[in-house]
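Geometric and topological summary
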Amino acid sequence: MTVPDLRLGSCPDSWGVWFADEFDATGSMYNIAEYIEITGPLDLGLLGDAVRRTLTEAEAVHVRCGESDDGPWQTVFEPRDRGADVVVRLDLSHEADPMAAARAWMDADLATPVDLRGDKHLFTVALFTLGPERHIWYHRYHHLLVDGYGGWLLARRAGQIYTALRQGLEIPQSPFGSLAELLREDADYRASVTPTQDGE
């Protein structure tokens, strides 16, 4: 089961990214990424679980894209269709320069072309082991899915889940809403007098 197609027509910023991506010969110009270096004791398996849970909660990173006569569209897949094994784990501790090896891997991934119409996942998430108490968490998304602030929200949520799991506490309720709810709110807004008052 999937959520009905979400038309980008109600999201002008997404239109811009979609069409700009069409003119990007590299296919990677709209990749955005960050890495977080973690030092000290870490349960890597638990962090991987926290990241997977976060990605399952966030509908925005699980879309398929396409275009019809009516314009671009996105389809959101239910969690069971999103794939469980989305976190790459690499042990680079044996490398002469683990950090340099991690940077080379991340730079290569950031330069990887993204096919908005064909790729199942428009993101990459990786956990690197650089040493006994030194790790890197890397995540890269196409800008059509999230912006820098969105990436920060995902990282914060994963940290929140990891802390709860590590302490044996109940995981706080997800802060992420659904894209269907967002579209309903947008439709309600456009049907009200507010857009006129806002100068649209």
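In this text the structure is predicted, and so the values were computed from the model without any measurement.

Parameters at a glance
- Residues numbered from 1 in each chain as written.
- Predicted model: local features only at pLDDT ≥ 70, side-chain atom pairs only at ≥ 80, totals over all residues.
- Heavy atoms only, no water.
- Pairing = 2+ DSSP bridges.
- Helix = DSSP H or I, 4+ residues; strand = E, 2+ residues; numbered from the N terminus.
- Axes fitted to C-alpha atoms, helices over the stretch in contact; angles between N-to-C directions.
- Contact = heavy atoms within 4.5 Å.
- Parallel < 35°, antiparallel > 145°, perpendicular 65-115°, else oblique.
- Left-handed = near helix turned anticlockwise from the far one by under 90°.
- Phe/Tyr/Trp six-rings, centres within 6.5 Å; stacked < 30°, edge-to-face > 60°.
- Salt bridge = Lys/Arg side-chain N within 4 Å of Asp/Glu carboxyl O.
- Buried < 20%, exposed > 50% of the residue type's maximum accessible area, 1.4 Å probe, protein only.

1. Observations concerning the sheet that holds strand E7 (residues 134-142)
Sheet strands pair via backbone hydrogen bonds, and the direction of the pair is either parallel or antiparallel. Read across the open sheet, the four strands follow the order E2-E7-E6-E5; overall the sheet is mixed. At either margin of the open sheet sits one strand with a lone partner, and together these are strand E2 (31-39) and strand E5 (87-91). Across the sheet, the axes of successive neighbouring strands diverge by a mean angle of 15°, strand direction being ignored. In the sheet, strand E6 (residues 123-131) pairs with E7 via eight bridges, with the strands oriented antiparallel. Each bridged residue has a counterpart across the sheet, and for Leu-127 the counterpart in E7 is Trp-137. Across the sheet, helix H4 (residues 148-167) touches E2 and E7, and the angle it forms with E7 is around 140°.

2. Quick notes on the packing of helix H2 (residues 44-57) against H4
Interhelical geometry of H2 versus H4 gives an angle of 130° and a closest axis separation of 8 Å. Taken together, the axes of H2 and H4 lie oblique to each other. Between H2 and H4 the crossing geometry is right-handed. Residues Leu-46, Leu-47, Asp-49, Ala-50, Val-51, Arg-53, Thr-54 and Glu-57 of H2 touch H4, and the partners they reach there are Leu-154, Arg-157, Ala-158, Ile-161, Tyr-162, Leu-165 and Arg-166.

3. Topic: the side chain of Asp-109
If you trace the backbone, Asp-109 turns up in helix H3 (residues 98-110). Filtering out sequence-adjacent residues up to four positions away, Asp-109 remains in contact with Asn-31, Thr-124, Tyr-138 and Arg-140.

4. As for the packing of aromatic side chains
Considering all chains together, one arrives at four aromatic pairs under this definition. On the basis of an interplanar angle of 75° and a centroid distance of 5.3 Å, the ring pair of Trp-105 and Phe-128 is categorised as edge-to-face. Taken together, the residues span a long stretch of sequence, with Trp-105 in helix H3 and Phe-128 in strand E6 at a distance of 23 residues. For the ring pair Trp-105 and Tyr-138, a centre distance of 6.1 Å and an interplane angle of 90° mean the geometry is edge-to-face.

5. Description of the pattern of salt bridges
Throughout the structure, instances matching the rule amount to four salt bridges. With a closest N to O distance of 3.3 Å, Asp-49 and Arg-53 form a salt bridge. Of this pair, Asp-49 and Arg-53 both sit in helix H2, four residues apart, which is roughly one turn of that helix. Relative accessible area serves as the criterion here: at 24%, Asp-49 is assigned to the partly exposed category.

6. Details of the pairing of E7
With eight of nine residues buried, E7 lies mostly within the body of the structure. Between E6 and the antiparallel strand that follows it, E7, lie two residues.

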